[in-house]
Amino acid sequence: MTEVRLDGAAIGDWPAFHAACRDAFGFPEFYGNNMNAWVDCLSYLRDDDGMTRFRLKQNEVLRIVVANAAALRATAPEILDDLQFCIAAINDRYADYGEKPALALELA
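Remember, it's a predicted structure, so these values are computed and weren't measured experimentally.

Draft legend 1. Highlighting the packing of aromatic side chains. For the structure on display, the rule yields five aromatic pairs. Aromatic ring contacts, followed pair by pair, group Trp14, Phe17, Phe25, Phe27, Tyr31 and Trp38 into a single cluster. Of note, Arg46 hangs over the ring of Tyr94, and the distance from its end group to the ring centre comes to 5.1 Å.

Okay, here's the thing in structure tokens:
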């Protein structure tokens, strides 16, 4: 399983979250630094569109590991809540197209 790691202790606000994601996922230069852009970039992981550094195979899953998740929950709980919501929405989008979920979240 392909994996991306985010350090929850280093993410204290939305700008830090988006900067960490831009680096970890390899989002394009024009990434909008908001959750709509985050969802857009991760909605095509099995396509060759260059929105991330990842290109998943048909049944492959990208695991997003948030290390020090308790620190992030203490500092900015809304970020974790939105992250969980958006991952579920992206997986629903894949299901709508008859595909298996592409994302898994692990809070460590």
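Draft legend 2. The arrangement of the sheet that holds strand β1 (residues 2-7) in detail. In space, the three strands of this open sheet follow the order β1-β2-β3, with parallel pairing throughout. Where the open sheet ends on each side, the last strands, each with one partner, are β1 and β3 (103-107). Each adjacent strand pair in this sheet contributes to an overall mean axis angle of 20°, direction not counted. Across five bridges, the pairing between strand β2 (residues 62-67) and β3 is parallel. Bridge pairing in β3 places Leu62 opposite Leu103.

Conventions and cut-offs
Residues numbered from 1 in each chain as written. Predicted model: local features only at pLDDT ≥ 70, side-chain atom pairs only at ≥ 80, totals over all residues. Heavy atoms only, no water. Phe/Tyr/Trp six-rings, centres within 6.5 Å; stacked < 30°, edge-to-face > 60°. Lys NZ or Arg CZ within 6 Å of the ring centre and 35° of its normal. Pairing = 2+ DSSP bridges. Helix = DSSP H or I, 4+ residues; strand = E, 2+ residues; numbered from the N terminus. Axes fitted to C-alpha atoms, helices over the stretch in contact; angles between N-to-C directions.

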